[in-house]
Amino acid sequence: MCGIAGILGQHPDNRSTINLMLEAQKHRGPDATNIWFDENVILGHNRLSIIDLSEEANQPMISNCGNYIIVFNGEIYNYLEIKNELGNEYQFKTASDTEVLLAAYLKWNSYMLEKLNGMFSIAIWNRKENVLFAARDRFGVKPFYYSFFNQQLYFSSEIKTLFAAGIPKEINKKNWANYFSFGTYGLPNETFYNGIHQLKAGYFFEVRFSDYVDNNSVKPKKWYHFQERIALIKEMPKEELKVVYENLLNDAIQLRFRADVPLGMNVSGGLDSSTLINLVHQNLPSQKSIEAFTFYCNDENYDELPWVNELMKTTPYPLNKILLDSNEIPNLIKKVSYYQDEPFGGFPTMAYSLLFESARKKGIKVILDGQGMDEAWAGYDYYHNNSNNVIQGLNSSPVRPEAIDQELVQFAEKETYEKPFDNDLQNLQYRDLFYTKIPRALRFNDRISMMHSTELREPFLDYRLVELAFAQPQEMKLHNGQTKWLLRDLVKNYLGDTIALAPKRALQTPQREWISNELKAFFTAQIEAFNTLDFVDKNEVNKIWKLYLQGNQDNSFYIWQWINTVALYTASNK
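Residues numbered from 1 in each chain as written. Predicted model: local features only at pLDDT ≥ 70, side-chain atom pairs only at ≥ 80, totals over all residues. Heavy atoms only, no water.

A. Molecular detail of the pattern of salt bridges. Throughout the structure, instances matching the rule amount to 31 salt bridges. Between Glu-85 and Lys-115 there is a salt bridge, with its nearest N and O atoms 2.9 Å apart. Here Glu-85 is found in helix H2 (residues 79–86), whereas its partner Lys-115 is found in the loop between helix H3 (97–108) and strand S6 (118–126), with 30 residues between them in sequence. Salt-bridge contacts for Arg-229 lead to Glu-467; the nearest nitrogen and oxygen are separated by 2.6 Å. Placement of the pair is Arg-229 in helix H6 (residues 226–231) and Glu-467 in helix H16 (residues 463–470), with a sequence separation of 238 residues. Judged by its relative accessible area of 30%, Arg-229 is partly exposed. For Glu-467, a relative accessible area of 5% gives the class buried. Connected via shared salt-bridge partners are Arg-28, Lys-142, Glu-158, Lys-160, Asp-341, Asp-446 and Arg-447. (Salt bridge = Lys/Arg side-chain N within 4 Å of Asp/Glu carboxyl O. Helix = DSSP H or I, 4+ residues; strand = E, 2+ residues; numbered from the N terminus. Buried < 20%, exposed > 50% of the residue type's maximum accessible area, 1.4 Å probe, protein only.)

B. Expanded view of helix H14 (residues 424–434). Taking burial as the measure, the eleven residues of H14 include nine buried ones, the bulk of the element. When H14 is considered as a whole, its buried residues turn out to be Leu-425, Gln-426, Asn-427, Gln-429, Tyr-430, Arg-431, Asp-432, Leu-433 and Phe-434.

C. H3, seen in detail. Over its twelve residues, H3 runs 16 Å from end to end, which matches the ideal 16 Å to within 8%, given 1.5 Å per residue. Looking only at H3, the buried set comprises Asp-97, Thr-98, Glu-99, Val-100, Leu-101, Leu-102, Ala-103, Ala-104, Tyr-105 and Trp-108. Residues of H3 that are buried sit in contact with strand S4 (61–62), strand S5 (68–76), H2, S6, strand S7 (131–136) and strand S11 (203–208). The N-capping residue of H3, defined by a side-chain oxygen 3.2 Å from the backbone nitrogen of Glu-99, is Ser-96. Directly beyond the C-terminal end of H3, a positive phi value near 55° is found at Asn-109. (Expected span 1.5 Å × (residues − 1). Contact = heavy atoms within 4.5 Å. Polar contact = N/O pair within 3.5 Å; in protein donor to acceptor, adjacent residues only side chain to side chain.)

D. Quick look at the nonpolar core. The biggest cluster of nonpolar side chains holds 93 residues, and the ones touching the most others in it are Met-112, Leu-113, Ile-122, Phe-226, Tyr-245 and Met-265. Those residues in contact with Met-265 that lie beyond four places of it in its chain are Ile-277, Val-280, Ile-290, Glu-291, Ala-292, Phe-293, Met-312, Tyr-317, Ile-367 and Leu-368. (Core = buried A, V, L, I, M, F, W, Y, C linked by side-chain atoms within 4.5 Å.)

E. Quick look at the sheet that holds S11. Strand order across the open sheet formed by six strands is S4-S5-S6-S7-S11-S12, with antiparallel pairing between neighbours. In this open sheet, the two edge strands, each paired with only one partner strand, are S4 and strand S12 (221–222). Both S11 and S12 contribute to a ladder of two bridges, which runs antiparallel. In the sheet register, Tyr-203 faces S12, and the bridge partner there is Lys-222. Across the sheet, H3 is in contact with S4, S5, S6, S7 and S11; its angle to S5 comes to roughly 125°. (Pairing = 2+ DSSP bridges. Axes fitted to C-alpha atoms, helices over the stretch in contact; angles between N-to-C directions.)

F. View of empty space enclosed by the protein. Applying the stated criterion across every chain yields a total of five cavities of 30 Å³ or more. In this model, the largest cavity occupies a volume close to 310 Å³. Forming the boundary of the largest cavity are 27 residues, of which Pro-188, Gln-198, Pro-439, Arg-440 and Arg-443 lie nearest the centre. Those elements that place two or more of their residues in the lining of the largest cavity are H14 and helix H15 (437–450). Residue contributions to the lining of the largest cavity peak at six residues, all from H15. (1 Å grid on protein atoms, 1.4 Å probe; cavity = no way out; pocket = protein on both sides within 12 Å on 5 of 7 lines; lining within 4 Å. Points joined across faces, edges and corners; volume = space filled by probe spheres on them.)

G. How the structure looks around the packing of aromatic side chains. Tallied over the entire structure, the rule returns 52 aromatic pairs. On the basis of an interplanar angle of 85° and a centroid distance of 6.4 Å, the ring pair of Tyr-548 and Tyr-558 is categorised as edge-to-face. Of this pair, Tyr-548 sits in helix H22 (residues 538–549) while Tyr-558 is found in helix H23 (residues 557–572), placing the two residues ten residues apart along the sequence. What makes Tyr-548 buried here is its relative accessible area of 0%. Exposure remark for Tyr-558: the relative accessible area of 1% places this residue in the buried category. A cation over a ring is seen here: Arg-138 above Tyr-463, with NZ or CZ 3.7 Å from the ring centre. For Arg-400, the ring lying beneath its charged end belongs to Tyr-558, and the centroid distance is 4.0 Å. (Phe/Tyr/Trp six-rings, centres within 6.5 Å; stacked < 30°, edge-to-face > 60°. Lys NZ or Arg CZ within 6 Å of the ring centre and 35° of its normal.)

H. Main features of the pairing of S11. Looking at chain direction, S7 and S11 are connected through five bridges and run antiparallel. Looking at the pairing, Val-131 lines up with Arg-208 of S11.

I. Region of the structure containing the side chain of Arg-138. Counting through the fold element by element, Arg-138 comes out in the loop between S7 and strand S8 (145–149). An unpaired buried charge is present at Arg-138: no salt bridge exists, and Glu-114, the closest side chain of opposite charge, is 4.6 Å distant. Looking at Arg-138, its side chain comes within polar contact range of the main-chain oxygen of Glu-114, at 3.2 Å. Reaching out from Arg-138, the side chain makes a polar contact with the backbone oxygen of Leu-116 at a distance of 2.5 Å. (Lys, Arg positive; Asp, Glu negative; His and termini not counted.)

J. Highlighting the environment of Glu-415. Within the element layout of this structure, Glu-415 appears in the loop between helix H13 (406–409) and H14. For Glu-415, a relative accessible area of 9% gives the class buried. Each C-alpha atom, one on Glu-415 and one on Tyr-558, is 19 Å from the other, the two residues being 143 residues apart in sequence. Those residues in contact with Glu-415 that sit more than four places away from it in its chain are Asn-175, Asn-178, Thr-184, Gly-186 and Leu-187.

K. Highlighting the side chain of Thr-191. As for its position among the elements, Thr-191 is in the loop between helix H5 (173–182) and strand S10 (197–198). Classification of Thr-191 by relative accessible area gives buried; the value is 2%. Only 3.1 Å separates the side chain of Thr-191 from the backbone oxygen of Tyr-193, close enough to count as a polar contact. Apart from residues no more than four positions distant in its own chain, Thr-191 is found in contact with Tyr-145, Ile-159, Asn-172, Asn-175, Ile-196, His-197, Gln-198 and Glu-342.

Written as structure tokens, this is what we have:
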């Protein structure tokens, strides 16, 4: 897990520029910082050492033949299996997954992507052909940003890294207007800033160096064909499906134990987290240890500590309980906004960041988490109640576009999503996997883990698990009013009915209550600052805020949008 950066071009200042870029994202990899360059390209890497802690495994890494140079962010969990498949075809000098990845590219070129089980953003320079190859994993767990500036191609792991290179910071009016008008966070190839692009999940590109590099140089190609893979999955009887799925679950967990550093896991009281805890307990090798982390707010209406405490009693693992105090919120908003670069989820994201901070202080560098089950098994209420919502359990509109000046709102353009399947349920799941829920959550989680130099692993996003669950008919996902039905039926034998059949609970904090009580003075001041921005309708904002304080608090997303925007504008001037 690391940070990557690079410049394709020949500007004389590129060596000093790459150093500024690497400094901007040093939190992603504080263990080593290195560069490699020739006359046409410069590659940089911030290393967080996880597998093979030796200096020989540092990056940029050069192939034995000297022709290929790689920078890589992520983990290839099945690197040992791929290494075994390569056999004696490559003379390995390290025990790292990076070298296996490089050797795999030498043998199979871009076709090696299909063999990888992991999370990754990759850049490989071919010196002989003067070609840059770049790729991103199936679901976009690891980020890859790029931009064209001064006839050069820049890429990095974070947006702030590109700004550090001198790329202008100009807001993307359409994405900001969509955020305020519809609550959306941008399409997976876009960002909130003009000229800053994302390489989409499951895509790669190849760029040949020329004297002039521009937008036309990058033509991303899809390598992960999700729909085609779903079509190949055969229906099977329920009991056979349970056996196959459980075997995959165990394998996904076992692969993610591969690390040469201490392990941790984030837990809550829900079904997915309970499943993770149980699978960890079943599969953790005797020579390894693990610690659990959870947060609480001292509010019985939200805290899941009673469930977590009961679950952890069934394991020998220590539980670290981290308190989110309302007094911490102002500082957390400022700090987390700086690392996020773009709008992010509210108080729960900040609470979550405290878990990584606590783990890092204890020397734990790898954290497992239970993200991905709801999207694969159709666990959200809006999959089944025809509400057209994208937020679990919400009854009112999450946004208040009337608070934004029409000059900005006019740029709003309702996002549309592919519907590649012949039924509404799978099309909604597909939307959440590739456009809304998962891309958003992965971006939030990557930034809050890496701000504390920790690696987050998501075993339930193993592509084999996602594909198998997604391909199942509706009756396997919803049965007698129970969502995620086959998963519940599978785990109730070792979790019990109380947990296995419990309704979906969103991971929440007292955000609505704290805003109008403990944090009222702070939020009032921040809203006054929001009112000074040139695209805000001050009268509408004040009216809505007054109604909120009077008790109109079905949701607080729109209030959070305003404060998050102020924090981002402040962070941008840091």
